[in-house]
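Single-letter residue listing:
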Amino acid sequence: MLGVPAELGANAAHQSSPVMTYSNVNDNDMETLNLEEISELPPMLGREHRPVAQTSPWLHTPDTPTDTPRNLNAENKPHQLLVMKFGGTSVGGGEQLLRCAGIVRKALPDRPIVVVSAMGKTTNALLNAAKTAVETGEVDITAIRSTHELAMKHLGIDMPPTMVELLNELERLLNGVALLKEISTQTRDRIVSFGERLSVRAFAAAFNVAKNKEEAEAQAVDAWQIGMRTTSGSGSADSAFSSVEILEESFSAIMHHLGPLKQNYSYVPIVTGYIAKDSKGIITTLGRDGSDLTATVIGAAVKASEVQIWKDVSGVQTTDPRVISSAKPVRVLTFEEAAELSTFGSKVVHPAAVLPAWQAGVPMSVRNSMAPEDPGTRIVPKLSSTETKERRVAAISSKSNITMIVIKSSRMLGQHGFLAHVFSVFNKYAASVDVIATSEVTVSLTLDEGYKHVDVPAIERELQEVAKVSVLHDVAMLTLIVPKSDSVSVLREAFTVFEELKIQVEMVSHGASNVNVTFVLPGDQLLTASKKLHDVFFGP
Ligand SMILES: Nc1ncnc2c1ncn2[C@@H]1O[C@H](COP(=O)(O)OP(=O)(O)O)[C@@H](O)[C@H]1O
Ligand SMILES: N[C@@H](CC(=O)OP(=O)(O)O)C(=O)O
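Residues numbered from 1 in each chain as written. Chains lettered and ligands numbered in written order. Predicted model: local features only at pLDDT ≥ 70, side-chain atom pairs only at ≥ 80, totals over all residues. Heavy atoms only, no water.

Looking at an unreviewed UniProt entry, the protein carries the name Aspartokinase, with the source organism given as Durusdinium trenchii. Per UniProt, the protein carries the Sequence similarities (unreviewed entry) text "Belongs to the aspartokinase family." Recorded in UniProt for the protein, the comment headed Catalytic activity (unreviewed entry) runs: "L-aspartate + ATP = 4-phospho-L-aspartate + ADP". (UniProt positions renumbered as here; feature names shortened; annotations may be inferred.)

Here it is in structure tokens:
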């Protein structure tokens, strides 16, 4: 479902849409709007209780006489838009919000669309509040309330009424859960959505406090107001993987709502990451860390000049700096390398988020909100020849708590019958396999830690009907991002390290992608192996 329509923009921009005047659009109204109503809404939303658009900006297409030079760039073309996503760590409190608002102000000539995650650890706090309500019947949102109150206090303003109302609504919802002592996955998704709905309002408030008179005002936007729509399905709130997919129609809807900012940058949209609605108007979530996906979908939809992911670290590092302090910044990665790196354990960019930008040819970068002058990491379609020459291994990532299953055929099924049977069992239990190695009679594979819901004992029982099965828990995967051209020499050096450290490699996967080599190791040897390999490939 996720894909980028080939011809966004020019054609869409010439469709006329009705001239609308509206007022008093508040969040509660938005909650009850149906699909048609949502798609009918004009592009400028979010300013509470006051008229926000008198005419449809779609009437101001680049070639209409109403265009002024101010709306065109130096080459007489409409401006592009820049997507800037700020993660929870970058917007943890009032001080950080002001810092990020400053970064956005500096980028105003590039016409930013801002995407924001929940403040600090708010998503975890919301999930815990829901759990506590179910288990104990108690409701306590003091910490969530005070995170937002303190931030507004830092800005020197009262909490905006919509934030007060959202906090009260959250409390009422949790009281209902506490009374029933049960919660549906749909309600849980709804509860976590408050994190981003609050943070965009806090961010908009911070920007409006910081801005000067000439600068456009910020407006908080819930992603569904600009048409971010997914398939139906709940339960992604606390999952590394989303159970929903972005509907293709979202791309044209987003372009419809935000595209006019290319001609007339009349407000700074501050859009909720991570949340969307399905076509019935039910709130859905994109999986943990899913705000990156919101940003790249918007970037692809409006053909942005760039999608910037702002974090608390100076771009992608050669490995997780919390684990190995000698990690160094990676200046440039290809989309393919970035996708592999995140799929295989680095938390820098959400694994699914690379795809929309990649398909749309919109470059990305990872930047540090604590050090905005740092160049960070560029993510581009292709490396230059100098960049290629400069490095062999781009980065190392790892995943622990992996389950490895070794299946040895006990019947003469023939290889294709055996493999078909094995995969049918994994398919039945919705178990997604990460790494696989096969021989005539043996299949070894790993299950990702994100699939904790998978009933491994049931898979084991079914497979035992045709095979000898052994399950190894607590193995780890260590992945080197390395182009195929260098992988032979890198493999040789890696095995020298494993030999020196007497590490038993359970499985090696090489070749499925152009850019990665993955080793499956005993979990307790991961740290030693990572440190040594990092020293070898990047220096101490
Ligand atoms: N290869 C890596 N490069 C950079 N940071 C990494 C890497 N692997 C793990 N991290 C960690 O990811 C953290 C940022 O992720 P996260 O806290 O989820 O950010 P955000 O809230 O901005 O989305 C960094 O502080 C860093 O410790
Ligand atoms: N707030 C959500 C979504 C998100 O993307 O967050 P962050 O950008 O802070 O990883 C989460 O915590 O999962």
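After that view of the structure, there is still more to cover.
K.L.:
Is there a simple way to think about the UniProt feature "domain: Aspartate/glutamate/uridylate kinase" (unreviewed entry) in the protein in this case?
P.N.:
Per the UniProt record, "domain: Aspartate/glutamate/uridylate kinase" (unreviewed entry) is found at residues 81–368. With 43% helix and 14% strand, the stretch residues 81–368 has end C-alpha atoms that lie 20 Å from each other. (Helix = DSSP H or I, 4+ residues; strand = E, 2+ residues; numbered from the N terminus.)

K.L.:
It is not clear to me how the confidence of the model for the protein should be interpreted in this structure. Could you clarify?
P.N.:
Atom-level detail of predicted coordinates should not be read off regions where pLDDT is low. Residues of the protein with pLDDT of at least 70 account for 83%, and the chain-wide mean is 84. Segment residues 1–70 is flagged for pLDDT under 50; beyond a separation of four residues in sequence, or across chains, it makes 142 contacts in the model. ipTM for the predicted complex: 0.96, alongside a pTM of 0.84. (pLDDT = per-residue confidence, 0-100. Contact = heavy atoms within 4.5 Å.)

K.L.:
Can you walk me through the site of ligand 1 in this structure?
P.N.:
Around ligand 1 there are 17 residues in total, and T89, D312, Q317, R322 and K347 lie nearest to it. At a separation of 2.8 Å, a nitrogen atom of ligand 1 approaches a polar backbone atom of Q317. In isolation ligand 1 exposes 570 Å². Once the protein is present, 90% of that is buried. Looking at the shell around ligand 1, its residues break down into 4 nonpolar, 7 polar and 6 charged. (Near = heavy atom within 4 Å. Polar contact = N/O pair within 3.5 Å; in protein donor to acceptor, adjacent residues only side chain to side chain. Areas by Shrake-Rupley, 256 points an atom, 1.4 Å probe, with all protein chains shown as cover. Nonpolar A, V, L, I, M, F, W, Y, C, P; charged D, E, K, R; others polar.)

K.L.:
Honestly, the pairing of strand β7 (residues 306–311) in this entry has me stumped. Any pointers?
P.N.:
Consecutive residues of a regular strand have side chains that alternate between opposite faces of the sheet. Burial analysis of β7 places 6 of its 6 residues in the buried class, which makes it a mostly covered element. In β7, alternate side chains face the same way, and those of E306, Q308 and W310 on one face and V307, I309 and K311 on the other are all buried. Where β7 meets strand β9 (residues 364–368), 5 bridges bridge the pair, whose relative direction is parallel. Bridge pairing links W310 to R367 in β9. (Buried < 20%, exposed > 50% of the residue type's maximum accessible area, 1.4 Å probe, protein only. Pairing = 2+ DSSP bridges.)

K.L.:
Quick question: what am I supposed to make of helix α4 (residues 94–106) here?
P.N.:
Since one α-helical turn is 3.6 residues long, residues separated by three or four positions face the same way. An ideal rise of 1.5 Å per residue puts 18 Å on 13 residues; α4 measures up with 19 Å between its terminal C-alpha atoms. Taken together, the buried positions of α4 are occupied by G94, L97, C100, A101, I103 and V104. In the core, the buried residues of α4 are packed alongside β1 (82–86), β2 (112–116), α6 (142–155), α8 (185–210), β4 (267–272) and β7. (Expected span 1.5 Å × (residues − 1).)

K.L.:
Looking at this structure, I do not really get the sheet that holds strand β10 (residues 377–380). What am I missing?
P.N.:
Paired through backbone hydrogen bonds, the strands of a sheet run either parallel or antiparallel to each other. On the basis of which strands lie adjacent, the open sheet formed by 8 strands has the order β3-β4-β2-β1-β7-β9-β10-β8 and mixed pairing. At either margin of the open sheet sits one strand with a lone partner, and together these are β3 (217–221) and β8 (332–334). On average, each strand axis in the sheet is inclined to that of its neighbour by 20°, with strand direction left out of account. Its contacts with the sheet place α4 against β1, β2, β4 and β7, and it is angled at close to 170° to β1. (Axes fitted to C-alpha atoms, helices over the stretch in contact; angles between N-to-C directions.)

K.L.:
How do you make sense of the site of ligand 2 when you look at a structure like this?
P.N.:
With respect to spatial proximity, the complete set of residues near ligand 2 consists of K85, G87, G88, S117, A118, T123, E196, Y274, R288, D289, G290 and S291. Residue D289 places a side-chain N or O atom 2.6 Å away from an oxygen atom belonging to ligand 2. Its residues placed into classes, the shell around ligand 2 shows 2 nonpolar, 6 polar and 4 charged.

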